[in-house]
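Topology and contacts: notes
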Amino acid sequence: MLALSAEGILPKVDYAIFADTGWEPRAVYAHLDRIEREIAAPAAIPVLRVTSGNIRNDALDPEHRFASMPLYILNKDGKQGMTRRQCTGEYKIKPIKKKVRELLGYPYPQRIPKGVFVEQWVGISTDEFHRAKDADVRYMRNVHPLIDMGWSRSDCTRYLTSLGLADTPKSSCLGCPFHGNAQWRQIRDTNPDEWQDVVEFDAAIRQGNARANATGNKLLGQAFLHRSRVPLSEAPIDHVTAAERAALQSGSADADELENGEPDGCSPWACRGDTAIPEQSEFGLAT
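Right, let's walk through the structure included here. Note that this is a predicted model, so its numbers are computed, not measured.

Within the protein one finds twelve helices and seven strands. Taking all 287 residues of the protein together, 46% fall into the buried category. Considering only contacts within the protein whose residues lie at least 6 apart along the sequence, 66% involve residues at least 24 apart. A total of about 14,900 Å² of accessible surface is found on the protein, and carbon and sulfur atoms cover 52% of it.

The structure is reproduced here in structure tokens:
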């Protein structure tokens, strides 16, 4: 959408906003630098980088209020669960809202007058139309230009390729539990230091929320980054396990999702995770 706006195919936007969780792959930051330099700057479109902090550091800091990642849980009785997903709201939506309020001239806690709003473009294509949502505040109105243009993901890929941007990386936290096996392999096989980073994080969260542990909350189970609920360094990311094969045959699992991860990702206002995962207690892991 930024390129379409810069080229005049879509109207010129006032700003582009990138919500930084602090734990993106290096390739994402390098790509952001490139499109800012080669596309946004020549079109005089400011790229604003906003953040609520570093999600990796915050998750391991017992002094920090924890916005839970959707970790896979193996309970003591052998049952499986998953923690509530709060990270999209805390590390993406929250800092974007804060910046939008500043741009409108009404930083929190000022009341924004009725009728004052921004038009916010959300990059959802026609094959993802089910993800199109309204913002949950009156001062932001979501618009979906790619759907309005009738563009599918393939159309977007062809357009990016024509601009020399065929290698656009997926924006997601380095240690996102919704990675598929292909993404885990890509990290392991091409970025040894990033792989070591996520393996160490996976080991560190085994006993759950650092803040909960520090305050003596009862541990309900062990936490893992990989859906197999084994340490990431040992996870079956190179093959389909017997359990996964049985799940595929029963229809309770999707082959593409196992390989490529959750299709909906965690884009602000396009995240299904918060509704797909049952509500848990603030510090509990699963029940």
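Don't stop here, the text continues.
Moving on: the pairing of strand 2 (residues 47-50). Here strand 1 (residues 16-19) pairs with strand 2 via four bridges, running parallel. Residue pairing for strand 2: Ile-17 is matched across the bridge by Leu-48.

Relative to the helices and strands, Tyr-29 is located in helix 2 (residues 26-40). Along the backbone, Tyr-29 and Ser-171 are 142 residues apart, and their C-alpha atoms lie at a distance of 9.1 Å. Each residue touching Tyr-29, except ones within four places of it in the same chain, is listed here: Phe-18, Asp-20, Gly-22, Trp-23 and Glu-24.

Take the pattern of salt bridges next. Tallied over the full model, the rule gives 18 salt bridges. For Lys-99, the salt bridge is made with Glu-102, and the minimal N-O distance between the two is 3.1 Å. Of the two residues, Lys-99 and Glu-102 are both situated in helix 4 (residues 87-104); the distance of three residues between them amounts to about one turn of the helix. Residue Lys-99 is classed as partly exposed on the basis of its relative accessible area, which comes to 23%.

The subject of this paragraph is the sheet that holds strand 7 (residues 221-224). Strands sit in the order 4-3-7 across an open sheet of three strands; the sheet is antiparallel. A single partner strand is all that each edge strand has here, and the edge strands are strand 4 (80-82) and strand 7. With strand direction ignored, the average angle separating the axes of adjacent strands in the sheet is 30 degrees.

Moving on to unusual backbone geometry. The linkage connecting Tyr-108 with the following residue, Pro-109, adopts the cis geometry, with an omega of 10 degrees. You will see that Ala-44, though not glycine, has its phi angle at about 60 degrees, which is positive. For Ala-44, the location among the structural elements is in the loop between helix 2 and strand 2.

Attention shifts here to the side chain of Ser-152. Tracing the backbone shows Ser-152 in the loop between helix 5 (145-149) and helix 6 (153-162). Taking relative accessible area as the criterion, Ser-152 reaches 18% and is therefore assigned buried. Discounting residues that sit within four places of it in the chain, Ser-152 has contacts with Ser-125, Thr-126 and Asp-127.

Turning our eyes to something else, we now look at the packing of aromatic side chains. In this structure the tally under the stated criterion is two aromatic pairs. Relative to Tyr-159, the ring of Trp-151 has its centre 5.5 Å away and its plane inclined at 65 degrees; by these criteria the two rings are edge-to-face. Tyr-159 carries the same exposure label as Trp-151, and that label is buried.

With that settled, consider the packing of helix 7 (residues 181-190) against helix 8 (residues 192-204). In contact at an axis separation of 5 Å, helix 7 and helix 8 are set at 125 degrees when each is read in the N-to-C sense. As judged from the angle between their axes, helix 7 and helix 8 are oblique. For the pair helix 7 and helix 8, contact is made by Trp-184, Ile-187, Arg-188 and Thr-190 and by Pro-192, Glu-194, Trp-195 and Val-198, respectively. Of the residues that constitute the contact of helix 7 with helix 8, the class distribution is five nonpolar, one polar and two charged.

Conventions used here
- Residues numbered from 1 in each chain as written.
- Predicted model: local features only at pLDDT ≥ 70, side-chain atom pairs only at ≥ 80, totals over all residues.
- Heavy atoms only, no water.
- Helix = DSSP H or I, 4+ residues; strand = E, 2+ residues; numbered from the N terminus.
- Buried < 20%, exposed > 50% of the residue type's maximum accessible area, 1.4 Å probe, protein only.
- Contact = heavy atoms within 4.5 Å.
- Areas by Shrake-Rupley, 256 points an atom, 1.4 Å probe, with all protein chains shown as cover.
- Pairing = 2+ DSSP bridges.
- Salt bridge = Lys/Arg side-chain N within 4 Å of Asp/Glu carboxyl O.
- Axes fitted to C-alpha atoms, helices over the stretch in contact; angles between N-to-C directions.
- Phe/Tyr/Trp six-rings, centres within 6.5 Å; stacked < 30°, edge-to-face > 60°.
- Parallel < 35°, antiparallel > 145°, perpendicular 65-115°, else oblique.
- Nonpolar A, V, L, I, M, F, W, Y, C, P; charged D, E, K, R; others polar.

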